[in-house]
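# Observations on the three-dimensional arrangement
The lines below spell out each chain.
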Amino acid sequence: MKKNIGHLIGSVDEGSIAQELNIEPGDKLLKINDQVIEDIFDFQYLVQDEHLDVLIEKPNGEQWLLDIDKDFDEDLGIEFENGLMDDYRSCSNKCIFCFIDQMPKGMRKTLYFKDDDSRLSFLQGNYVTLTNMSDADIDRILKYHLSPINISFQTTNPELRCKMLGNRFAGEALKKVDRLCAPGTGIEINGQIVLCKGVNDGKELERSISDMSKYIPNLQSVSVVPVGLSKYRDGLYPLEPFNSQDAGEVIDLIESWQKKIYNEYGMHFIHASDEWYFLAGRDFPEAERYDGYIQLENGVGMMRLLIDEYEEALEKAVSEHKTHLDGLNREISIATGRLVYPCIRDMAEKAMSICTGLKVHVYEIINEFFGERITVSGLLTGTDIINQLKGKELGSELFLPENLLRSGEDYLLDDVRICDIEEKLNTKVGISKCDGHDLVSILFDIPEDELL
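First, a word on scope: everything that follows refers to the structure included in this document. (Residues numbered from 1 in each chain as written. Predicted model: local features only at pLDDT ≥ 70, side-chain atom pairs only at ≥ 80, totals over all residues. Heavy atoms only, no water.)

## Points about the overall build of the chain
Counting secondary structure elements, the chain contains 15 helices and 14 strands. Its C-alpha radius of gyration of 25 Å places the chain within 12% of the 22 Å reference for a compact globule of 452 residues. In terms of principal-axis extent, the alpha carbons of the chain reach across some 70 × 55 × 45 Å. Burial status across the chain gives 52% buried among its 452 residues. Entry remark: accessible area of the chain is about 21800 Å², with carbon and sulfur atoms responsible for 48%. Counting 47 positive and 83 negative side-chain charges, the chain places the centres of these two groups 8 Å from one another. (Helix = DSSP H or I, 4+ residues; strand = E, 2+ residues; numbered from the N terminus. Rg over C-alpha atoms; globule rule 2.2 N^0.38 Å. Buried < 20%, exposed > 50% of the residue type's maximum accessible area, 1.4 Å probe, protein only. Areas by Shrake-Rupley, 256 points an atom, 1.4 Å probe, with all protein chains shown as cover. Lys, Arg positive; Asp, Glu negative; His and termini not counted. Charge placed at Lys NZ, Arg CZ, Asp CG, Glu CD.)

See the structure below:
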């Protein structure tokens, strides 16, 4: 058993219970109600009680036992130095589609860490394979009612799953889903399938959808996304990119299952990511088909939401800000990935047709760093942006999508910072939030809250 050395407190909220009791950054939390805290889930579960005995250790070694009475679910106002309050669990699989294995050498070390931690699924929405979860882990999920849990299924064929994940226990791990979805658990799950051509598509995909539908209503949604293939695949499992015909077949299969499941359960359940519709050259489904955009972070419905928000904000701008638009004299630029470039270009052209004083340069950035098969904006690098925009007309400001920045940081995957791009291109750089209201706000220089 791990020795309890306490959890270092990183910050204390102003006006919180912790501040009132003189708990400070640098103190350590040792126990709550005489129980050792293993990780953030123990803390969140125990701290809900109305009466707490909290054992704190000060930097000088002095220990305080604090008797706290509070409202049920009231927070103490403590943030820990390690948000998980425990070591992160690394992935034990050797997936044939793993993108981290396809990255070049020499990048910062954190980019090569493969996590497969069910706690991050709950806290950050990460997808986990269940392969390094013990029965005790499942017990804790059920005890603490941790939900939703995001699971990477890939396939429900046990033998094929072992092959795809490079783990002989990967098929057996699927049995954990039975426990999570047992009657009365109330655990909500979202699923994901990374589709690999000739591996888990076709009949295997149909089998997986059929098997997973039996977990409804616990399993609320499943996204199907195409495997990402960089140019650094030497020595890795031979995978081929999907073509337009393949994408059409994937969409047809998914949409046929959507109809069946909707008729029975009133939900669409299985969703094709936007990439399939781009690749097949098809229109995106209507908003109702996305079940409240439950898989938005997985690239499912992002374009439909963007288009609908854009049209709504555009209509409001025209009806409520006509004088502003008539007097606007603005030249800006937008850079984005190959996948969404045509849509952003069309939106910019529509805005320019409405406002003659607006000039927008929309640039498609080719991913030279990872290879041209990588078309999403979130994997663009500062180096490619700088190299491809040098000498181009950029106007008064260049706007980049926020999903190419690391969370809470101002640098891109290759450690190029926003200030570096501004210096190299000699222009101001703004960040777009990748939603339709924000895009209209940027184009017409109108505060976003006036377009909502």
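## As for the environment of Glu-62
With respect to the secondary-structure elements, Glu-62 resides in the loop between β4 (51-57) and β5 (63-69). In this structure, the C-alpha to C-alpha distance between Glu-62 and Asp-27, residues 35 residues apart in sequence, is 9.9 Å. Among all residues touching Glu-62, those that are not within four sequence positions of it are Ile-56 and Glu-57. A polar atom in the side chain of Glu-62 sits 2.9 Å from the side chain of Trp-64. (Contact = heavy atoms within 4.5 Å. Polar contact = N/O pair within 3.5 Å; in protein donor to acceptor, adjacent residues only side chain to side chain.)

## Details of the nonpolar core
Counting residues in hydrophobic clusters, the biggest one holds 113 residues, and the most contacted among them are Phe-43, Phe-97, Phe-269, Trp-276, Leu-443 and Phe-444. In terms of residue count, helix α8 (residues 244-265) provides more of this core than any other element does, seven residues in total. Those residues in contact with Trp-276 that lie beyond four places of it in its chain are Leu-195, Val-224, Val-225, Pro-226, Phe-242, Ala-247, Val-250 and Ile-251. Of all hydrophobic cores here, the second largest spans 18 residues; its members include Ile-365, Leu-380, Ile-385 and Val-416. (Core = buried A, V, L, I, M, F, W, Y, C linked by side-chain atoms within 4.5 Å.)

## Observations concerning the sheet that holds strand β10 (residues 270-272)
With respect to topology, four strands assemble into an open sheet ordered β7-β8-β9-β10, the strand pairing being parallel. Two strands lie at the open edges of the sheet, namely β7 (149-152) and β10, each paired on one side alone. On average, each strand axis in the sheet is inclined to that of its neighbour by 20°, with strand direction left out of account. In terms of strand pairing, β7 meets strand β8 (residues 189-195) through four bridges, oriented parallel. Within β8, the residue paired with Ile-151 across the bridge is Gly-191. Across the sheet, helix α7 (residues 203-213) is in contact with β8, β9 (219-226) and β10; its angle to β8 comes to roughly 175°. (Pairing = 2+ DSSP bridges. Axes fitted to C-alpha atoms, helices over the stretch in contact; angles between N-to-C directions.)

## Topic: the packing of aromatic side chains
Scanning the model with the defined rule gives eight aromatic pairs in all. With centroids separated by 4.9 Å and ring planes inclined at 80°, the aromatic side chains of Phe-369 and Phe-370 adopt a geometry described as edge-to-face. Assigned by exposure class, Phe-369 and Phe-370 land together as buried. The ring of Trp-64 has Lys-58 sitting right over it, with the charged end atom 4.3 Å from the ring centre. A cation over an aromatic ring shows up here: Lys-260 above the ring of Trp-257, its NZ or CZ 4.3 Å from the ring centre. (Phe/Tyr/Trp six-rings, centres within 6.5 Å; stacked < 30°, edge-to-face > 60°. Lys NZ or Arg CZ within 6 Å of the ring centre and 35° of its normal.)

## What about the sheet that holds strand β12 (residues 358-365)?
Reading across from one edge, β12-β11-β13-β14 is the order of the four strands in this open sheet, with parallel pairing throughout. Strands at the two margins of the open sheet, each flanked by one partner only, are β12 and β14 (428-432). Between one strand axis and the next, the sheet turns through 25° on average, direction left out of account. Of the pairings in the sheet, the one linking strand β13 (residues 397-401) to β14 comprises five bridges and is parallel in character. Residue pairing in the sheet places Leu-398 in a bridge with Val-429 of β14.

## What to know about helix α12 (residues 341-354)
The first and last C-alpha atoms of α12 sit 20 Å apart over 14 residues, in line with the 20 Å expected at 1.5 Å per residue. For α12, every residue scored as buried is listed here: Tyr-341, Cys-343, Ile-344, Met-347, Ala-348 and Ala-351. Buried residues of α12, viewed axially, fall in a sector of 165°; they line one side. Those residues of α12 hidden inside the fold are in contact with α9 (274-280), α10 (302-320), β11 (330-337), β12 and α15 (436-444). (Expected span 1.5 Å × (residues − 1). Arc of directions from axis to C-beta.)

It is worth stressing that arrangement in space is one thing and function is another; only the former is reported here.
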